Amino acid sequence: MPLMSTTPHARHFIDGVWTDSDAIGESLDPATGEVLGTFADGGAPEARAAVDAARRAFETGDWARDRELRARALFEMSERMAERRDELVALLSRENGKIPAEAALEVDLTISKIRYYGALALTESGRASEVKPGLYSMTLRQPAGVAGVIAPWNSPVILSVRSFAPALAAGATVALKLPAQTALTNSLLFEIVASVKSLPKGVFNGFTESGSSGARLLVADPGVDVISYTGSTHVGRSIMAAAASSLKAMSLELGGKTPMIVFDDADLDAAVPVLTKAITTFTGQFCMTGSRVLVQRGIADELRTRLSAALEAVRVGPGADPASEMGPLIDRANADRVEREIADAAEYAEVLVRGGRITEGPLAAGAFVRPALIEVTGPDSCDRPIVQQEIFGPVATFEVFDDEADAVARANATEFGLAASVWSRDVDRPLRVGRELDAGTVWANTWAVIVDQMEEGGFKQSGVGRLNGERALEEFQEIKHIVHPAPRSF
């Protein structure tokens, strides 16, 4: 498709300057395949420039020492994003495929998160004590240095800010790599940050790449002191291995396989709509997607019927259609991949709702799939690939359990441990069962409630470290112990 002269072109923002690349890519609308614009496709050279700029800013400026400057810049950043909120929502919806309500949710949560870290930049949590007569001891938190941030395409605005806002609040400087699938959205985010007049040059640097050479440089380069990565467990393991030689600190939020545990005494009128959203929000491209429905035997037949009907009724379509309840996947390659996952599962499991790739009609040109529900049974049901692997699409398994012990054993039977949800009218059961679950977040009679003040992260292969809350600043700080003898002289 020929490009019009008005087609937007996305660039990198490095050392306070807009830069281009030799390689140019095209951003596509996942709902139609239409070219939305072009982008500078970066790599190792852009990463090198971003790291060098961040290092200069860290070592020569006042950013690392001036917490009031950091707070002022973050507050101003939240204001600039609020001013361009509608523009950002519209572009994110079109380029990423989210329906407008989901894009608005992402942006609105991002604005509040930046404000939270602006406030936290002014907060100090060190300790001081006279540990022996005349011997004073204190801890001082200071920024680790340059933070390399690598964020994914599924929620590029909030997941990049979730890492770089606490990094900036802590006094670190940032080299951010974002993926090509959301290149125009990335550039708009860079524009918003670039408009923050109180942010010194080189403190924030962002580039887009379709490959991995830039990301690999961030991980391996000795000029980067800490890595914050959100993405797949497979890539997270590779990042940890590559960073081992420099003992680089890192925060990794990785894959998930969230069990939604529904007991016999659950309120199904409340649960079914949430379970449906847990499977279909962001078209299942969410690390906390409720991809495993575990139901107690006494209500299994009713929930199977009601949830199947709810998923079959989900209206799939482009974000431009107000009736759409679930948009496309990020691209057609991923839609084809999800279709193969469903077809493979049909060889060993019962397909309750087939779902899958839409190949006919007006949606066939886009990356659309319908939600699927697949029941796994038998003594080896937890070992099935559809249970063990993160699908990253609107596909859920349906598993029946007998009692609390069985529910916990099944819920914990994967390598993942990011989140879980427990549904019961028994006031104590969610806490009792939640205590036994290997998950970083457990919701009681709800799902996907995330607050800025409380930490978020995974157990097991779902990651290391924590973001959100005060702990997020610690991911980008070192603790220095200062000892000061000052004996009594009188």
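Rules and cut-offs
- Residues numbered from 1 in each chain as written.
- Predicted model: local features only at pLDDT ≥ 70, side-chain atom pairs only at ≥ 80, totals over all residues.
- Heavy atoms only, no water.
- Helix = DSSP H or I, 4+ residues; strand = E, 2+ residues; numbered from the N terminus.
- Pairing = 2+ DSSP bridges.
- Axes fitted to C-alpha atoms, helices over the stretch in contact; angles between N-to-C directions.
- pLDDT = per-residue confidence, 0-100.
- Contact = heavy atoms within 4.5 Å.
- 1 Å grid on protein atoms, 1.4 Å probe; cavity = no way out; pocket = protein on both sides within 12 Å on 5 of 7 lines; lining within 4 Å.
- Points joined across faces, edges and corners; volume = space filled by probe spheres on them.
- Nonpolar A, V, L, I, M, F, W, Y, C, P; charged D, E, K, R; others polar.

### A short note on the environment of S489
Now for step 1: Structurally, S489 can be placed in the segment after β25 (477-485).
Now for step 2: The sequence separation of S489 and E106 amounts to 383 residues, and the corresponding C-alpha distance is 60 Å.

### Concerning the sheet that holds strand β22 (residues 441-444)
Now for step 1: Taken in spatial order, the seven strands make up an open sheet running β15-β18-β19-β14-β13-β21-β22, and their pairing is mixed. Both edges of this open sheet fall to β15 (350-353) and β22, since each of them pairs with a single strand only. Strand after strand, the sheet turns through a mean of 25° between neighbouring axes, direction not considered.

### Brief notes about the sheet that holds β25
Now for step 1: Here we have three strands laid out as an open sheet, ordered β6-β7-β25, and antiparallel in their pairing. On the outer flanks of this sheet lie β6 (128-132) and β25, each paired with one strand and no other. Each strand of the sheet is rotated relative to its neighbour by a mean of 30°, with strand direction disregarded.
Now for step 2: Pairing analysis gives four bridges linking β6 to strand β7 (residues 135-143), with the strands arranged antiparallel.

### Looking at the confidence of the model for the protein
Now for step 1: Residues of the protein with pLDDT of at least 70 account for 99%, and the chain-wide mean is 96.
Now for step 2: Long-range and interchain partners of residues 1-5, a stretch whose pLDDT sits below 50, account for five contacts in this model, where long-range means more than four residues apart.

### Side note on the layout of surface pockets
Now for step 1: Considered as a void within the structure, the largest pocket measures approximately 1,000 Å³ in volume.
Now for step 2: Lining the largest pocket are 41 residues, with Y229, T230, G231, S232 and V235 positioned closest to its centre.
Now for step 3: Elements with a contribution of two residues or more to the lining of the largest pocket: β9 (173-179), α7 (213-220), β11 (226-230), α8 (233-243) and α11 (332-345).
Now for step 4: Per-element accounting of the lining of the largest pocket gives the leading share, seven residues, to α8.
Now for step 5: When grouped by side-chain class, the residues that make up the lining of the largest pocket number 19 nonpolar, 14 polar and eight charged.

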